[in-house]
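Close look at the chain arrangement
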Amino acid sequence: MSDLRNNGRKKLLFLGVTGSGKSALCNVLSQPVKTDDTPPTLNFPESKSQKIGNTQTILKNINFLGRKFRRNNENISFIDTVGFNSTEMTNTAVAELIVSLKDSCDFIHLFAIVVSSPKRIEASLKETIELFKGMFGKEEFWNNSVVIITNLSQSDDEISRRSMRNSDEQLIKDFNTSLVETFDLERFIPTFIIDAHYRGSKPDERDRFQNSANSLCRLLMDSTGMSVCNVENVTGRLEGLQEEVDKQRKERRKAQREAENARKEAEKARKEAENARKEKAEFKKKLIVGAGGAIVVAGIIAAPVLAPWGATAAQAAAATATTAATAAASEGGTAAVVTATTAAAVALTRRGSQ
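This write-up is about the structure you can find in this document.

What counts and what doesn't
Residues numbered from 1 in each chain as written. Predicted model: local features only at pLDDT ≥ 70, side-chain atom pairs only at ≥ 80, totals over all residues. Heavy atoms only, no water. Helix = DSSP H or I, 4+ residues; strand = E, 2+ residues; numbered from the N terminus. Buried < 20%, exposed > 50% of the residue type's maximum accessible area, 1.4 Å probe, protein only. Areas by Shrake-Rupley, 256 points an atom, 1.4 Å probe, with all protein chains shown as cover. Expected span 1.5 Å × (residues − 1). Core = buried A, V, L, I, M, F, W, Y, C linked by side-chain atoms within 4.5 Å. Contact = heavy atoms within 4.5 Å. Patch = residues over 30% accessible without salt bridge, like charges linked within 9 Å, V, L, I, M, F, W, Y side chains within 5 Å. Salt bridge = Lys/Arg side-chain N within 4 Å of Asp/Glu carboxyl O. Lys, Arg positive; Asp, Glu negative; His and termini not counted. Charge placed at Lys NZ, Arg CZ, Asp CG, Glu CD. Pairing = 2+ DSSP bridges. Polar contact = N/O pair within 3.5 Å; in protein donor to acceptor, adjacent residues only side chain to side chain.

**Quick word on the overall build of the protein**
Scanning the protein for helices and strands turns up ten helices and eight strands. Counting only residues that meet the buried cut, the protein has 42% of its 354 residues in that class. Within the structure as shown, the protein displays about 19,000 Å² of accessible surface, and the carbon and sulfur contribution to it stands at 50%.

Put into structure tokens, the structure is as follows:
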């Protein structure tokens, strides 16, 4: 998990129930627009079912649609929050969310309420929205929120088929009407259809995906953001929540210390290995120099001593000395000289006895 504090990036937080497509959306928005039907890389783990969601909030710096923005020199951070599949919000899940935001983030610039399709507002989604309203305040939350629908195919054929009952525009209007009635809002919330499973090989789906994603990005870039300093205000709404927050914060800081210690140990081991490699290389260099010197000395000693016996004998003795010096090089230059001299003397003695 990344620490997003003071990173100068716009921060987009995705919230929704388990199976709404939050993580799938994060994955397609953080990678280049597809031109084929290859599944995206899973930078954000996706839930395995509609009932079992991710248990941790994921915070990451990303390049929106795989590109680096030059506008205001800003890029983007994504926050993929835990999903809830019922109205029961456990202290553990809520505490994990609070600690992640409070300890690893400073601002939220935009909230994306993610739904798979614009049907009725589920009880679990209502509870999730109420949680974030409690964290950031009603006005601040709704003034910086959008709705993203992730599971409406944007192919020409599917849009035409749906329009026989309701157009996409009407579906969006109906869903916003439910939001207004449920949460006592005074206006509709900006809504985007971004198919998280679009087919890159289909130009109609690809173009609609890219257009909607770019519209979302422009809105994010224009957002001023709000501080996360008050997210713990909700700890009084569930009994024992503050204790769980304190517990998780303590465990997280312990894990951070352990990770830092492990990093330092790894760095220490790396430096020791590098020093050992340098020492070995230096030792080999000295051996080579020592052996070369021994061979030269052996030649100097052997040549004049054996000269009276002729060139052939001198060459044979020199070869014997060279072989001995090379073999003794591992013992160092001095030992090699002695060995070479001895070899020359032996060769001389043998020649003299003939």
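**Some thoughts on helix H2 (residues 91-104)**
With 14 residues, H2 should reach 20 Å at 1.5 Å per residue; the first-to-last C-alpha distance of 19 Å fits that figure. Counting buried positions along H2 yields ten of 14 residues, so the element is predominantly enclosed. Three or more residues of H2 are buried, namely Val94, Ala95, Glu96, Leu97, Ile98, Val99, Ser100, Leu101, Asp103 and Ser104.

**What to know about the nonpolar core**
Among the nonpolar cores identified, the biggest contains 39 residues, and Ile108, Phe111, Phe132, Met135, Phe136, Trp142 and Leu179 are the most heavily contacted of them. Of all the secondary-structure elements, those providing two or more residues to this core are strand E1 (10-15), H2, strand E5 (110-115), helix H3 (123-136), helix H4 (138-143), strand E6 (145-149) and helix H6 (168-183). Counting residues per element, this core draws most heavily on H3, at six residues. Sequence-distant contacts of Phe132, that is, excluding residues within four places in its chain, are made with Leu13, Leu15, Thr81, Leu97, Phe111, Gly137 and Phe141. Listed in part, the 27 residues of the second largest apolar core include Ile58, Leu110, Tyr198 and Leu220.

**Regarding a positive patch on the surface**
On the surface, Lys250, Arg253, Lys254 and Arg257 cluster together into a positively charged patch. Mapped onto the fold, Lys250 is located in helix H8 (residues 241-306). By relative accessible area, which is 64% here, Lys250 ends up exposed.

**A look at the pairing of E6**
Within E6, five of the five residues are buried, which leaves the element mostly enclosed by the surrounding structure. The alternating pattern of E6 places Ser145, Val147 and Ile149 on one face and Val146 and Ile148 on the opposite face, and all of these are buried. Across five bridges, E5 lies against E6 in parallel orientation. Paired with Ile113 across the strands is Val147, a residue of E6. Sheet topology places E6 next to strand E7 (residues 191-193); three bridges connect them, and they run parallel. Of the residues in E7, the one forming a bridge with Ile148 is Phe192.

**A short note on unusual backbone geometry**
Note on backbone geometry: most residues besides glycine have negative phi, and most peptide bonds are trans. Of note, the phi angle at Asn6 is positive, near 55 degrees, even though the residue is not glycine. Looking at where Asn6 falls in the secondary structure, it is placed in the segment before E1. The backbone of Leu65 sits at a positive phi, close to 55 degrees, despite the residue not being glycine. When you line up the elements, Leu65 lands in the loop between strand E2 (58-62) and strand E3 (76-80). Overall, Leu65 belongs to the buried group, its relative accessible area being 5%.

**As for the environment of Arg5**
With respect to the helices and strands, the residue Arg5 is situated in the segment before E1. The class for Arg5 is partly exposed, based on a relative accessible area of 40%. Considering only alpha carbons, one finds Arg5 and Ser104, 99 residues apart in sequence, at a separation of 6.0 Å. Setting aside residues no more than four positions away along its own chain, Arg5 makes contact with Asp103, Ser104, Cys105 and Asp106. Polar side-chain contacts of Arg5 include one of 2.6 Å to the side chain of Asp3.

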